[in-house]
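As a plain string of letters, each chain reads:
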Amino acid sequence: MNVTQELLSRLLANQPVTAAELALLLKAQGKACELIYATADGLRSRRMGDEVFLRGIIEFSNICKNNCWYCGIRCDNTSVTRYRMTDEEIIETARNAQRWGCGTVVLQSGEDPFYTAGRLGDILRRIKEETGLAVTLSVGVRSRDELSRLKEAGCDRYLLRFETTSNALFSAIHPDEPFENRVRCLTDLRELGYQVGSGFMIGLPGSTPEMIAHDILFATRLSLDMIGCGPFLSHPDTPLAEKPLLADREIYYKTIALLRLLNPDAHIPATTAFDALDPDGRNLVLQRGANVFMPNVTPGKFRRNYQLYPNKPCVDEDGAACAICVRGRLANLGRPVGSGPGHTKRLP
Ligand code: SAH
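Residues numbered from 1 in each chain as written. Predicted model: local features only at pLDDT ≥ 70, side-chain atom pairs only at ≥ 80, totals over all residues. Heavy atoms only, no water.

Undergrad: Help me out: how do you make sense of the overall build of the protein in this one?
TA: A tally of regular secondary structure across the protein gives 14 helices and 10 strands. Its C-alpha radius of gyration of 19 Å places the protein within 12% of the 20 Å reference for a compact globule of 348 residues. When its C-alpha atoms are laid out on the principal axes, the protein stretches across 60 × 40 × 40 Å. Among the 348 residues that make up the protein, the fraction classed as buried is 58%. In the protein, once contacts between residues fewer than 6 apart in sequence are set aside, the share between residues at least 24 apart is 76%. (Helix = DSSP H or I, 4+ residues; strand = E, 2+ residues; numbered from the N terminus. Rg over C-alpha atoms; globule rule 2.2 N^0.38 Å. Buried < 20%, exposed > 50% of the residue type's maximum accessible area, 1.4 Å probe, protein only. Contact = heavy atoms within 4.5 Å.)

Printed below as a string of structure tokens:
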């Protein structure tokens, strides 16, 4: 047995691996790389089934008080036209998402203090009453008190990426908040009974296979219900403009495959940023460990102004188009659309 095969057998047997060993897998090439993909795809099929759950993402505000160095909607970027969707627009979009076959809506925004826990709670209650959909919030770091009120309003899940486990890198690119706050928030979410999603950007400037291996291990230690990761894509209007992609493009995909191998029961989305990396990026990720797709259901008129990274797909489309397109993509892959909310498989 060669090294790759031996490490993969250990992962399948749920035996621990070190960061150095994961880094070795991240560097695998050719046949070894294909074997990692096939093994992750097989495990995904056995543990999560072939269904792909649709989570419709509503980008309801691009107003942000923070200045994260990578993000296209950071507050210092004056070339963005700022918007907030009204409560009515958000709820109408959730109704559409349901019509288009999504079992979950994900409400995402910049860190916009206008949406207090009270206001978000009202929106959440109305969505739950009118549609019964599962609701995920992705609105940045909030206090435990706010998170508790949002849970009472019926919020099912929360998505907050830790972005990187390198403390030096995290503080260099997040002028507004320390790493500990994000981790504190993730702990609060877990204690309050949320289904918790987190993850990181793959290939931030200066990152190495060893650093990515640490990110994978950290995500695994958090015992997440959902793990969302995507490639870092350099945005021209940010301090990280013109930073290159990783030389080995396969590392982005190998990261997802390894996350699956270490987290057999987690929901793993094929995140939108993969389509900005490769035209069929999200399809490839669904064949390399992922089981969730997040169609953009944001009304077309807002989309151009929610570009966290360049080349974001579908910014000239509307929600209905994305909902039709995703069905075609899944049909081509021979994967059925998941029914129901697609809650976590992990036991509390
Ligand atoms: N304000 C919320 C939502 C952020 S947007 C929050 O902070 O949680 C969701 C994710 O987009 C971020 O967590 C980040 O990982 C990702 N993102 C932002 N800019 C990006 C870029 N340039 N390339 C790739 N992903 C990016």
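The structure having been displayed, the exposition proceeds.
Undergrad: Hey, could you run me through unusual backbone geometry in this one?
TA: Negative phi values dominate among residues other than glycine, just as trans dominates among peptide bonds. Phi is positive for E163, which is not a glycine, with a value near 70°. Summarising the element assignment, E163 is placed in the loop between β4 (157-159) and α7 (167-173). Relative accessible area serves as the criterion here: at 8%, E163 is assigned to the buried category. Here C314, not a glycine, exhibits a phi torsion of approximately 65°, which is positive. Among the secondary structure elements, C314 is positioned in the loop between α13 (300-303) and α14 (319-333). A residue is classified by how much of its surface remains accessible, and C314, at 24% relative accessible area, is partly exposed.

Undergrad: Is there a simple way to think about the side chain of S109 in this case?
TA: Mapping S109 onto the fold places it in strand β2 (residues 104-109). Relative accessible area serves as the criterion here: at 9%, S109 is assigned to the buried category. Sequence-distant contacts of S109, defined by excluding residues within four places in its chain, comprise F60, S61, S138, V139 and Y306.

Undergrad: Quick question: what am I supposed to make of the site of the ligand here?
TA: The local shell around the ligand holds 18 residues, among which Y70, S109, R161, E163 and L233 are the closest. One of the backbone nitrogen or oxygen atoms of Y70 is found 2.9 Å away from a nitrogen atom of the ligand. At 3.4 Å, a backbone N or O of L308 approaches a nitrogen atom of the ligand. Look at the ligand: alone it shows 550 Å² of surface, and the protein chains cover 92% of it. (Near = heavy atom within 4 Å. Polar contact = N/O pair within 3.5 Å; in protein donor to acceptor, adjacent residues only side chain to side chain. Areas by Shrake-Rupley, 256 points an atom, 1.4 Å probe, with all protein chains shown as cover.)

Undergrad: Looking at this structure, I do not really get the packing of helix α1 (residues 3-12) against helix α10 (residues 250-262). What am I missing?
TA: Following both chains from N to C, one finds α1 and α10 inclined at 45°, their axes separated by 8 Å at the closest point. Judged by the inter-axis angle, α1 sits oblique to α10. Contacts between α1 and α10 involve L8, L11 and L12 from the first element and L258, L261 and L262 from the second. Split into classes, the residues belonging to the contact of α1 with α10 amount to 6 nonpolar, no polar and no charged. (Axes fitted to C-alpha atoms, helices over the stretch in contact; angles between N-to-C directions. Parallel < 35°, antiparallel > 145°, perpendicular 65-115°, else oblique. Nonpolar A, V, L, I, M, F, W, Y, C, P; charged D, E, K, R; others polar.)

Undergrad: Teacher, can you tell me more about the environment of N283 here?
TA: Structurally, N283 can be placed in helix α12 (residues 281-286). For N283, a relative accessible area of 15% corresponds to the buried category. As for N283 and A270, which are separated by 13 residues in sequence, their C-alpha atoms are 7.6 Å apart. Discounting residues that sit within four places of it in the chain, N283 has contacts with R329 and L333.

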